[in-house]
Amino acid sequence: MSTTTSFEFEIANFVCKFNENNLMDLFEEVVLPAFHRDDKWKIANGTFFFKDVAIISYQTNDEMYYALAGKFIRNTVLRRQQYHDDITGELIQDDQSLPSSPSAFFVLILNNHRLIYLKETKHAPTLDMFRSTAETFLKRETRDHASSLTKDTKKEFLLNFGLPSVRITPLTSDVRLAEFIKSYKKLETVKVTLKVRNDENDYAGFIDELQERSTAANSHSTNLLYENKSKGLNKDVITQQLSDMTQQGNQSVRLVGLSVNDEVLKGDNENFKILQSINGINLKDISSTGKKLIKRFKDLVDKKQITVPKTKKAVIDKLSQNNEFVNKMDNEKNDC
């Protein structure tokens, strides 16, 4: 594919939980083989699978980043029942089908669980399709791993880890968030849902305290509601507070109010997610493309447009000290 083509990518927070355990707790046993499975997930709207997944490494000024990079493919069939004949002016009945395999490129940064998602083609699989497929493959691999254990060990393993759950939350752009909130004539309701996190810590303060209380109560989510249907909420204050709350992608937001035309206007993270464009990439080169996307991600971090937690030493040690994985990693000098 031409390196002159411009592509758009988004960034999200990827949360994988095995009961109270996190993605890296079963990285070798479950996560890595799950993304390398040869099987496919077939449902009504297509067959989904991962392809050419590799572990890559990229040295930033602060630390070495490790990531899974590869392609996510949807096999489907495009169908038509009729077409319009411009010469005769008639609608012609003509059933035709054409196999199609739209795809996306992904980079899952293991240091901080951030997911970079780039749609390679039109009708590329969505981020939610990626989430469902990843969760399905992780569950399959968890069952396979459990089946390889002895009876007593298997029982203990399933009790401790259970079957995984995956949640993906788009990271939000302060600029797009502010623009979207400005489009409201009256902002009536804002609902913020605090969700289960990875093993990261948010900024200290009100939200972090709420999340800690939610976790202590064994709650999978906690809702914070702002509401003033008569006069409307203070849009400037809401903009600032939501900007602070959503930096790390552990919160989903739902907005409801009236537009300038007095029509009901609703929005969520999708309306103000981070979108960036990139060119000069060769999508056939997994390592090079993955590194260039990580570099762009790190640029956004350095500009404070994205907030990431400090990588835990145990995570870095697990990735960098395991010879099996180090041998698979691309440790060539970064040239992007």
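Throughout what follows, the structure given in this document is the object of discussion. (Residues numbered from 1 in each chain as written. Predicted model: local features only at pLDDT ≥ 70, side-chain atom pairs only at ≥ 80, totals over all residues. Heavy atoms only, no water.)

Before going further, it helps to spend a moment on the pairing of strand β5 (residues 64-84). Sheet topology places strand β4 (residues 46-59) next to β5; 11 bridges connect them, and they run antiparallel. From the neighbouring strand, Phe49 faces β5, where its bridge partner is Ile73. Here β4 folds back onto β5 in antiparallel fashion, the turn holding 4 residues. Pairing of β5 with strand β7 (residues 103-109) involves 7 bridges; the strand directions are antiparallel. By the bridge assignment for β7, Leu68 is matched with Leu108. Two elements, β5 and strand β6 (residues 91-100), share 8 bridges in a ladder whose sense is antiparallel. Of the residues in β6, the one forming a bridge with Val77 is Pro99. Following β5, the chain reverses through 6 residues before pairing antiparallel with β6; Gly89 in that reversal takes a positive phi of roughly 75°. (Pairing = 2+ DSSP bridges. Helix = DSSP H or I, 4+ residues; strand = E, 2+ residues; numbered from the N terminus.)

This part covers the packing of aromatic side chains. Under the defined criterion, the tally for this structure stands at 16 aromatic pairs. Arranged with centres 6.0 Å apart and planes meeting at 40°, the rings of Trp41 and Phe48 form a pair that is tilted. A residue is classified by how much of its surface remains accessible, and Phe48, at 1% relative accessible area, is buried. Summarising the aromatic geometry, the rings of Phe48 and Phe72 are spaced 5.9 Å apart at their centres and angled 20° between planes, so their arrangement reads as stacked. Taken together, the positions of Phe48 in strand β4 and Phe72 in strand β5 put the pair 24 residues apart, joining distant regions of the chain. Accessibility classification places Phe48 together with Phe72 in one group, the buried group. By the ring-pair criterion, three or more aromatic residues cluster together here, those being Phe14, Phe35, Trp41, Phe48, Phe50, Phe72, Phe106, Tyr117, Phe130 and Phe137. (Phe/Tyr/Trp six-rings, centres within 6.5 Å; stacked < 30°, edge-to-face > 60°. Buried < 20%, exposed > 50% of the residue type's maximum accessible area, 1.4 Å probe, protein only.)

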